[in-house]
Amino acid sequence: MANCELPAERRRACLGFGLPLAFLLLAASLVLAANGAQEGGAVTKAVEYRHFPVIGSRVAVWIIAQLHLMFGAFVLAVPMFALIIEFIGYKTGDKRYDQLAYEFTRLLSVSFSFTASLGALLTFMLFILYPKVMNYLTQIFSWTFFPYVLLFFLEAVFLYSYYYGWGKFHPVTHLLIGLALNLVGIGIIFIADAWLTFMNTPRGIDQAGHLVNLWEAINNYIWMPINIHRLIANISFGGSIAAAYGAYRFLASSTPEERAHYDWMGYVGNFIAISALLPLPFAGYWLGTEIYAYSQTLGVVLMGGTFSWLFIIQAVLIGNLFLAANYYLWVSMQRIEGAERYYRFIKYLLASITLCFLVWATPHSLVATVQEARAMGGQHHPILGVLGVMSAKNTAVNILILTTYISFLLYRRGNKEPTVSWARTGNLIQFAIFAFAVVFVIFLGVYGYFVEAKVRIRLSVPQVLTVLLTMIVVTLIDVFMFKNARIKGPIRWGEMPARSQYALFFIAITFAWTMGLMGYVRSGMRQHWHVYNVMKDTSPDAYTPTLGFAANVITITVLIFFSFIAVIFWLTGLTSKKSSGAKWEASA
Amino acid sequence: MKPLVVLILALVLLGLRFLRLSRVLWVPVWWLASYVFLVYGIEPPLPRSIILMFMGIITLSLLAYFSVDSQTLSAAWGAIVRFVTDRRYTIPLAMVVVALPAAVGWVAYRNASKAPNPPLFGRTIHPPPPIEITFKGKKINLTEADNPFRALEKSDPDKFRQHVARGRVIYFQNCVFCHGDNLNGEGLFAHGFDPLPANFADPTTIAMLQESYLFWRIAKGGPGLPEESAPWASAMPAWEKFLSEEDIWDVILFLYDYTGYRPRAKESLE
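Residues numbered from 1 in each chain as written. Chains lettered and ligands numbered in written order. Predicted model: local features only at pLDDT ≥ 70, side-chain atom pairs only at ≥ 80, totals over all residues. Heavy atoms only, no water.

Colleague: For the overall build of chain A, give the residues involved together with the corresponding values.
Modeller: Scanning chain A from N- to C-terminus turns up 21 helices and four strands. Looking at chain A residue by residue over its 588 residues, the buried ones come to 61%. For chain A, the share of sequence-separated contacts (at least 6 apart) that also reach a separation of at least 24 residues comes to 85%. Put simply, chain A shows about 23100 Å² of open surface, and 70% of that area lies on carbon and sulfur atoms. (Helix = DSSP H or I, 4+ residues; strand = E, 2+ residues; numbered from the N terminus. Buried < 20%, exposed > 50% of the residue type's maximum accessible area, 1.4 Å probe, protein only. Contact = heavy atoms within 4.5 Å. Areas by Shrake-Rupley, 256 points an atom, 1.4 Å probe, with all protein chains shown as cover.)

Colleague: Got a sec to walk through the interface of chain B and chain A? Specific residues and values, please.
Modeller: The interface of chain B with chain A comprises 62 residues on the first partner and 67 residues on the second. Taken together, chain B and chain A are joined by zero salt bridges. Viewed at the interface, chain A and chain B are joined by 10 residue pairs in polar contact (both at pLDDT 80 or more). Per-element accounting of the side of chain B that touches chain A gives the leading share, 12 residues, to helix H3 (residues 48–67) of chain B. Taken together, the residues of the side of chain B that touches chain A break down into 35 nonpolar, 15 polar and 12 charged. (Salt bridge = Lys/Arg side-chain N within 4 Å of Asp/Glu carboxyl O. Polar contact = N/O pair within 3.5 Å; in protein donor to acceptor, adjacent residues only side chain to side chain. Nonpolar A, V, L, I, M, F, W, Y, C, P; charged D, E, K, R; others polar.)

Colleague: Hey, could you go over the side chain of Thr 259 of chain B for me, with residue numbers and the actual values?
Modeller: Within the element layout of this structure, Thr 259 of chain B appears in helix H9 (residues 245–259). Contact partners of Thr 259 of chain B, with chain neighbours within four places excluded, come to Leu 183, Phe 200, Ala 201 and Ile 206 of chain B.

Colleague: Could you give an account of the side chain of Glu 103 of chain A, naming the residues involved and the relevant values?
Modeller: By the element assignment, Glu 103 of chain A lies in helix H4 (residues 95–106). Polar side-chain contacts of Glu 103 of chain A include one of 2.9 Å to the side chain of Tyr 262 of chain A.

Colleague: Any chance you could break down a nonpolar patch on the surface for me, citing the residues and the numbers?
Modeller: Residues and elements named next belong to chain A. Together, Trp 422, Val 461, Leu 465, Leu 468, Leu 469, Ile 472, Val 473, Leu 476 and Phe 480 line one region of the surface with nonpolar side chains, adding up to about 820 Å² of accessible area. In this structure, Leu 468 sits in helix H19 (residues 453–481). In this structure Leu 468 comes out as partly exposed when scored by relative accessible area, which is 37%. (Patch = residues over 30% accessible without salt bridge, like charges linked within 9 Å, V, L, I, M, F, W, Y side chains within 5 Å.)

Colleague: Outline the domain arrangement of chain B, listing residues and values.
Modeller: How big an interface is tends to be reported as the loss of accessible area on association of its parts. What the domain assignment reports for chain B is domain 1 (3–112) and domain 2 (132–259). Distance from the C-alpha centre of domain 1 of chain B to the C-alpha centre of domain 2 of chain B: 48 Å. (Domains from an automatic or database assignment.)

Colleague: Quick rundown of the layout of surface pockets? Include the residues and the values.
Modeller: In this structure, the second largest pocket occupies an estimated 1400 Å³ of space. Along the wall of the second largest pocket there are 39 residues; nearest its centre are Ala 351 and Leu 355 of chain A together with Leu 13, Trp 30 and Ser 34 of chain B. Top element by residues in the lining of the second largest pocket is helix H14 (residues 346–360) of chain A. It accounts for nine residues. Of the residues belonging to the lining of the second largest pocket, the class tally is 28 nonpolar, six polar and five charged. (1 Å grid on protein atoms, 1.4 Å probe; cavity = no way out; pocket = protein on both sides within 12 Å on 5 of 7 lines; lining within 4 Å. Points joined across faces, edges and corners; volume = space filled by probe spheres on them.)

In C-alpha cells form, the structure reads like this:
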C-alpha cells in the first residue's frame, strides 16, 4: 500500500478532525439550548422568523442546505467505491487499484471539513432564521440528534483512520475500517433523511401535530424511497466529481505516466457514475409513486403542476448526461487498438440516444401561442402529447439505458477477439436478447396507453426487470465468450483527446445541477407548508418562486460548489505532488 | 405526419448517399432534414417552443457525432481553415460573409413584421388540487373522496347504468356546448375560448386523474383555480352553483363511460 505519512498531512488531519467537531458541538448545544428555551419560556415563541439581509432567509438557507447536501453526498459516496476498489486491489494483488482507491480517498480529507462546516452553518441558520419550525422538529426528533452526533463522531474517527492508516494497518483491518466508515455514513444519511422526509409526508403524530410514535415519524412514507434514491444518487454524483478530478489532473499532467494514471482514474470515476445512474430513474420513479400515493395533491404539484416544468429541465439534463457518458465511451475507444471495428455502430447508437432523448424531454402540455394551440386542438399535440406521459418516458429511458450498456459492451470488447468456437452463436444470441428486450419494452410502453393508471405504473416493473435481466445475461455470455480472448493490442491509457476530459467536467456539472434542481423540487413541493398539512409557513417567503428565479439560485449554488471543489482539487493536488511516485504500469 | 414531406426528405437523403458525402457534410444535411421534418413534416404543426428544444437536442447529438472521431474533427477543422485562408475560396467566402448577416437580418425582419400575438405562457394544465374543498357547505376531502356510485359498477350494474344515463343527460344539457358531442373539446363555443375546453377523448387527460380531481374541477371551475394556473381566463363555470353533488358524480361516470377510460385508482401506500 502507498505510504503517505507526512507531517503536514497530520496537521491537516488535526484541523480537519477538530474543526468540524467543534462546529458540531456548537450546533448540538444550540439545538439543546433552543429546545430548553422552547420548554422554559415564551421568548422563542414570540419570534417565529428572522430575516436574513439582502437575499432573504429562504434563499440563504436554500443555498447553504444545497451546498451541504452536495458535499455530504460526495463525502458519503467516495468511501463506498473507494472500499470496493481497494477490495479489488486486495483480492487481485494489483497495486494500481490500491493506489486509485487511495487517490479517491485523498479527496475526502478536505471535503469532510467543508461538509461539517457547512452542516454546522446550516444548523445555525435554521435555528436563527426559522426558530418556530426548528422548535417543532426538535420536539419530534430530539432523540435522533444524539445518535446522529455519535455517528458523526464515529464517521470522523473512521474516515481519518481510513485515510491516514493507508499502508499502516493490515489490509483486512483497513478494509474493515472502510466498511465501518460506510455503515456509519449510511446511518448518518438515514437519520437526516428522516427529518426532511417527515416535513413532506409527516406520520406518527396526532391531529394537533404532537408526537405519538417516533419510529413512525422516522419511517414516514417517503423515508425509504429517499434513502435509496439518495444512496444511489450520491454514488453517481461522487463518481462524477472524482472523474472530474481525474480529468483536471489529466489536463495538468506533465508526464505520460501521470496522464495514464489520471486517464484511468477519470474512466473509473465515470464508470461508477454511469453505473449508478442507470438504476436511478427507477428509484426516482418509486419515490414519485409513493408521493402520489400519499397525496394526490402533492403528486399533481410534482407531475402536473408548476413543478412539472422542472422535470422537463431535469429530463434535458439527464438526456445530456447519457449523451455525454456515451460520447466519453466512444472517444475512449480511440485509445484501444482494435476498437476501430466498432466505430461504424456509433451512429446507430447515437440515433437511438437522440430519439430516446427527444421522447424523454417532450413535455405533455406544450408551451404554445393561441394560434398554435388552436391548430393542435388544445394544449396537447395529438402526436407529441402521447410522448409526454410516463409510458413513453419509461420506454425511452429503458432503451436509453440499454443503448448506453451496448456502448460499454463495445468499449469492453475493443481490443479483444473471442477464441471460443461458439463466438458467432454467442453474438447472435446476444443480438436476439437485445432485440427481444427492445421489442418487449416498447410493447409494454404502448400497452400502457390502454390500461388504467394503476396498472400502467406497475408496467414499469417488468420493463426495468427486462432491461436488468438483459444486461446480466448479455454480460454473462460476454464474460464466457471473451475468456482467453486474443488481445489485439494494448489500451493506450493517457492517449486521450482533451475534449474527452471536458466531457467528464460536463458530466460532473450536469450532475450537480440536476441534484440542485431535484433538491429544490423535493423541498419546494410542500409549497406554503413547513411540515405538510401540519405547520404552515407564515413567513414572507411562503410562496413558490418563479422557475427562472429557482433556476438562478440553483445555478449560483452550483457555481459556489464548484468554486469550493476547485479549492479542494488544488489542495488535494498539493498533497499528491509529494507522493505521486505514481508507479503506473500500462495496463494490458 | 405529412407523407409527401417525409417521402421527399427520404428520397433526398437516399440520393445524397450516392454522392458519398463526407461525415462533415452529413452533419448540416441531417440538421436541415431534421428541421424541415419538424417544421413542415408534422400535422398539426408543432409549436415553435418545442421545435427549438428538439433542434437543440439534435444539434448537440450532431456535434457529438461530428467530434467523436479525432480524424474527422481535424479534417473538418482543416477544411474550415482552408476555406477561410485559401485564395481559391475567396468568392464563396465572400458569399458566406454576406449571407450570414443577411440571414440574421431576414430573421429579424420576419420577427419584427409578424402580426402581434398574445404573450406566450407555460400554463399549468393540471393544477394541484387543494386537500379539501367546501361544496355547498359540506367539506369534501379530495385525497380521500371517491365517486360514491363507482362501486355500483360491480355490485348493481343496472343502477350504475342509470347513473351513467343520468350523467349523459346532464352532460348534453350543460357541457356539450364547449366540450363537444364527441367529448373532444370541440363544442360549438370552443373556438371563442382561450384556453380551449378540455378534450376528454385525449388519453392523457381524464385517464390520468382520479375522480375526485374531476369533481373539484367541475364544482369550482375557472374561478376556483389556484393562482399557479394563471394566466387564467378559463370560461369553465363553477358548476356547484347549478348542479348537485350527485349530478357531478354522475356526469363524471358518463365521461369515463363514454370515452372508455378508467379513472386513476388510488395507489396504496407501501
